[in-house]
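# Geometric and topological summary
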Amino acid sequence: AGFYLQRILNNEVNIDLDKSYIDIKNENLKLNGYSIDDLCLLEKFDTTFMKSEYIKSLTVKKDNTFGAYSKVLSLDQMNSLVSLVDSKIDYARDSIIKGEFDINPKKLSSDKDVTGCSFCKYKDLCFMKNEDIKNLKKYKDLSFLGGDTNA
């Protein structure tokens with residue numbers, strides 16, 4: 001039905017004087033992620049899917065189209081995402097087995113600095129050079145999966 005995260009250890013609650021603490025906590029516990037665009041499957045997963053009480057921002061209009069803020073993917077997009085993740089996991093596993101730990105920090109093209117390096121405990125003895133930095137394109141949607149770019 002989808003890929004979701006649930007923030008169960010979220011201690012940070014924004015105050016809203018129009019809502020009770022329980023309502024705010026329940027809103028923070030909603031599943032956050034992408035749902036399949038198949039209404040029959042969604043109904044089996046979440047009977048409240050028309051205006052979901054469990055999945056954040058998921059709404060379905062009376063004409064069976066998804067609301068503007070609903071994050072949905074087609075079956076093909078979901079399969080593409082699964083394949084991409086599988087290949088990345090396989091690559092990481094194979095690299096670890098081969099002992100390949102190249103210095104190749106990643107930087108989003110929109111960022112000024114290499115964020116990962118600031119958290120690395122080996123940065124003082126690393127031999128990273130500017131030419132080692134790999135610039136990554138920042139996507140604000142899932143257009144790299146093909147299909148709807150507003151997902």
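Whatever comes next refers back to the structure up there.
Residues numbered from 1 in each chain as written. Predicted model: local features only at pLDDT ≥ 70, side-chain atom pairs only at ≥ 80, totals over all residues. Heavy atoms only, no water.

## A few points about the pattern of salt bridges
For clarity, the cut-off: Salt-bridge detection follows one rule: a side-chain nitrogen of Lys or Arg within 4 Å of a carboxyl oxygen of Asp or Glu. When a residue's accessible area, from a 1.4 Å probe over protein chains only, is under 20% of the maximum for its type it is buried; when over 50% it is exposed; and in between it is partly exposed.
Applying the stated criterion to the full structure yields 3 salt bridges. Glu27 is the partner of Lys30 in a salt bridge, and the nearest nitrogen-oxygen pair spans 3.4 Å. For Lys30, a relative accessible area of 16% translates into the label buried. Residue Arg93 pairs with Asp94 through a salt bridge whose shortest N-O separation is 3.0 Å. By relative accessible area, which is 31% here, Asp94 ends up partly exposed. Each of the salt bridges in this network shares a partner with another, and the network as a whole consists of Asp90, Arg93 and Asp94.

## Describing the sheet that holds strand E3 (residues 72-73)
To keep it simple, the criterion reads: Pairing between two strands is assigned when DSSP locates at least 2 bridges connecting them. In this description a helix means any DSSP run of H or I spanning at least four residues, a strand means any run of E spanning at least two, and both kinds are numbered starting from the N terminus.
Across the sheet, which stays open at both edges, the 3 strands sit in the order E1-E2-E3 with mixed pairing between neighbours. Pairing within the sheet leaves two strands with one partner each, and these edge strands are strand E1 (2-5) and E3. Relative to strand E2 (residues 32-36), E1 runs antiparallel, the two sharing 4 bridges. Residue Gly2 lies in a different strand from E2, and its bridge partner there is Ser35.

## Some words on the pairing of E2
What counts is decided by this rule: Consider the strands pointing away from the viewer: the crossover is right-handed when the path from the first strand over the helix to the second runs clockwise.
Judged from the 2 bridges that link them, E2 and E3 form a sheet pairing that is parallel. Across the sheet, Ile36 pairs through a bridge with Leu73, a residue of E3. In terms of handedness, the path from E2 via helix H2 (residues 39-45) over to E3 forms a crossover that is right-handed.

## Some words on a nonpolar patch on the surface
Here is the rule: Put simply, a patch holds well-exposed residues, over 30% relative accessible area, that have no salt bridge, with like charges counted together within 9 Å and Val, Leu, Ile, Met, Phe, Trp or Tyr side chains within 5 Å. For accessible areas, the Shrake-Rupley method is used with a probe of radius 1.4 Å. Any residue's cover is judged against the shown protein chains and nothing else.
A contiguous nonpolar surface patch, about 260 Å² in accessible area, is contributed by Leu84, Tyr139 and Phe144. Examined against the element boundaries, Tyr139 turns out to sit in the segment after strand E5 (134-136).

## Looking at the packing of aromatic side chains
The description of two aromatic rings rests on the distance between their centres and on the angle between their planes. To keep it simple, the criterion reads: By convention, a stacked pair of Phe, Tyr or Trp rings (six-membered ring in the case of Trp) has centres within 6.5 Å and planes under 30 degrees apart, an edge-to-face pair has planes over 60 apart, and any other such pair is tilted.
The full count for this structure, using the stated rule, is 1 aromatic pair. Ring geometry for Tyr4 and Phe45: centres 5.6 Å apart, planes at 5 degrees, overall stacked. Taken together, the residues span a long stretch of sequence, with Tyr4 in strand E1 and Phe45 in helix H2 at a distance of 41 residues. What makes Phe45 partly exposed here is its relative accessible area of 44%.

## So, the nonpolar core
Heads up, the rule is: The criterion is simple. A nonpolar core is a set of buried Ala, Val, Leu, Ile, Met, Phe, Trp, Tyr and Cys residues joined through side-chain atoms within 4.5 Å. Whether two residues are in contact is decided by their heavy atoms: any pair within 4.5 Å suffices.
The biggest cluster of nonpolar side chains holds 14 residues, and the ones touching the most others in it are Leu42, Phe49, Leu58, Phe66 and Leu73. The set of elements that each furnish at least two residues to this core consists of E3 and helix H3 (75-98). Excluding residues that lie within four positions of it along the chain, Phe49 makes contacts with Leu39, Leu42, Glu43, Leu58, Thr59 and Val60.

## With respect to H3
Cut-off, in case you're wondering: Any helix carries an expected span of 1.5 Å times its number of residues minus one.
Between its first and last C-alpha atoms H3 spans 34 Å; for 24 residues at 1.5 Å apiece the expected length is 34 Å, and the two agree. For H3, the set of buried residues is Gln77, Met78, Leu81 and Ser95. Where H3 is buried, its residues touch E1, E2 and E3. Gly99 sits one or two positions beyond H3 and adopts a positive phi of about 75 degrees.

## Description of unusual backbone geometry
Despite not being glycine, Ser57 shows a phi value in the positive range, around 70 degrees. Structurally, the position occupied by Ser57 is in the loop between H2 and E3. Take Ser57: its relative accessible area is 38%, and that puts it in the partly exposed class. A positive phi angle, close to 65 degrees, is found at Asn64, a residue other than glycine.

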